[in-house]
Amino acid sequence: MSWLEKLLPPRIQHTDPADRRTVPEGLWIKCPSCESVLYKTDLEQNQNVCPSCSHHHRISARERLNAFLDGEGRYEIGQEVVPVDALKFKDSRKYPERLKEAMDNTGETDALVVMGGAVHNISLVTACFEFGFMGGSMGSVVGERFVRGVETAIEQKVPFVCFTATGGARMQEGLLSLMQMAKTNAALTRLAKKGLPYISVLTDPTMGGVSAGFAFLGDVVMAEPKALIGFAGPRVIESTVRVTLPEGFQRAEFLQQKGAIDLMCDRRELRHKIAHTLAMLLRQPADAVS
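A quick note: this is a predicted structure, and the numbers were derived from the prediction, not measured. (Residues numbered from 1 in each chain as written. Predicted model: local features only at pLDDT ≥ 70, side-chain atom pairs only at ≥ 80, totals over all residues. Heavy atoms only, no water.)

Enquirer: Give a description of the packing of aromatic side chains that names residues and reports values.
Expert: Inspection of every chain in the model, using the stated rule, returns seven aromatic pairs. When the centroid spacing of 6.2 Å and the interplanar angle of 20° are considered together, the rings of Phe129 and Phe214 count as stacked. Of this pair, Phe129 sits in strand 5 (residues 122-129) while Phe214 sits in the loop between helix 7 (208-211) and strand 8 (220-223), and the two are 85 residues apart along the sequence. Overall, the relative accessible area of 2% leaves Phe129 in the buried class. On the basis of relative accessible area, Phe214 is assigned to the buried category, the value being 1%. Ring centres 5.9 Å apart and planes at 35° place the aromatic pair Phe160 and Tyr198 in the tilted group. With Phe160 in strand 6 (residues 160-166) and Tyr198 in strand 7 (residues 198-206), this pair connects stretches of sequence that are 38 residues apart. Pair check on accessibility: Phe160 and Tyr198 agree, each one buried. By way of ring pairs, the aromatic residues Phe129, Phe146, Phe160, Tyr198 and Phe214 are connected into one cluster. (Phe/Tyr/Trp six-rings, centres within 6.5 Å; stacked < 30°, edge-to-face > 60°. Helix = DSSP H or I, 4+ residues; strand = E, 2+ residues; numbered from the N terminus. Buried < 20%, exposed > 50% of the residue type's maximum accessible area, 1.4 Å probe, protein only.)

Shown next as structure tokens:
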């Protein structure tokens, strides 16, 4: 040690790197639209909508249902129905392995959560896709839970609302998955014959067999802003037909312009918008929405 260091000991204290405090991961999220850095808690309190540019981040099924339904009187439908590997399917991995991974990552047993409850005191049954579970793919369990939700709505004489966020049919279940298109559509036909409203809310993304089925069968079809909606994806279409697609193709704004959907609605306004629409369809007075 030099004589200067002896006279003037350093004020900066060296600490063991292992003892240094670190900032926990996941506290901040960068908006993919405007690139603003957002505090995760603030974003969640705003229903995962960017406060700067109103970009709608994807949201889990439970988060959406918690924000959408009234706090009292909720009950889940069809949670006892769980997937099975009837075809013993295997691609690069076995189907049960993919199911276990999806269950561990999301805490759900399949890609659809169905609940009964109310919105602004209007009783209803609602189904919501969990995109984090194998891309929200529709298999036998999704079809069965959807149908049970519709049947509950018929029994209780209440409307049915569905939030879609899916890549389409689940390839690991083959034809068993594809037949859910006919099964769910038949259930909605029974709902319509009872004169009960069905509202479909398309969120990002809504693709494949679901978009070709019940997603567009609603008495009113809504969509969140900039949601990707279609059957095959734009890259697949471009590579197949070898044309350049117009800007905004398959986005909610484009579909509304072409008359494919009835209206777009900000996620933060969906509760009131759906309740108001249901009151109108049920021929209830406007002040029924509290």
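Enquirer: If you had to explain the pattern of salt bridges to someone new, which residues and values would you point to?
Expert: Following the criterion strictly, the structure yields 18 salt bridges and no others. Across the pair Glu76 and Arg62 runs a salt bridge whose closest N-O atoms are separated by 3.1 Å. Taken together, the residues Glu76 in strand 3 (residues 75-77) and Arg62 in helix 3 (residues 61-68) connect sequence positions 14 residues apart. Using a relative accessible area of 29% as the deciding quantity, one classes Arg62 as partly exposed. A salt bridge links Arg148 to Glu80, with the shortest nitrogen-to-oxygen separation between them at 2.6 Å. Of the two residues, Arg148 is situated in helix 5 (residues 140-156) and Glu80 in the loop between strand 3 and helix 4 (95-106); the sequence distance between them amounts to 68 residues. The network of salt bridges with shared partners includes Glu80, Glu144, Arg148 and Lys183. (Salt bridge = Lys/Arg side-chain N within 4 Å of Asp/Glu carboxyl O.)

Enquirer: Now, about the sheet that holds strand 3: what can you tell me, with residues and values included?
Expert: Sheet strands associate in pairs through backbone hydrogen bonding, adopting either a parallel or an antiparallel arrangement. A sheet is described by the order of its strands in space; here seven strands give the open sequence 3-4-5-6-7-8-9, paired in mixed fashion. Where the open sheet ends on each side, the last strands, each with one partner, are strand 3 and strand 9 (263-264). Sheet topology note: the strand 5/strand 6 ladder contains four bridges and is parallel. Residue Thr126 lies in a different strand from strand 6, and its bridge partner there is Val161. Most of the contacts of helix 10 (residues 270-281) go to strand 8, to which it runs at about 175°, and overall it touches strand 4 (112-119), strand 5, strand 6, strand 7, strand 8 and strand 9. (Pairing = 2+ DSSP bridges. Contact = heavy atoms within 4.5 Å. Axes fitted to C-alpha atoms, helices over the stretch in contact; angles between N-to-C directions.)

Enquirer: Account for the packing of helix 3 against helix 10, with residues named and values stated.
Expert: The N-to-C vectors of helix 3 and helix 10 enclose an angle of 65°; their axes lie 9 Å apart at closest approach. Contacts between helix 3 and helix 10 involve Arg64, Ala67 and Phe68 on the former and, on the latter, Leu270, Arg271 and Ile274. Here the contact of helix 3 with helix 10 is composed, by residue class, of four nonpolar, no polar and two charged. (Nonpolar A, V, L, I, M, F, W, Y, C, P; charged D, E, K, R; others polar.)

Enquirer: Now, about the side chain of Arg64: what can you tell me, with residues and values included?
Expert: With respect to the helices, strands and loops of the structure, Arg64 is situated in helix 3. Taking relative accessible area as the criterion, Arg64 reaches 7% and is therefore assigned buried. If sequence neighbours within four positions are ignored, Arg64 has contacts with Ile59, Cys128, Phe163, Thr203, Glu224, Arg267 and Leu270.

Coordinates in, geometry out; function isn't part of it.
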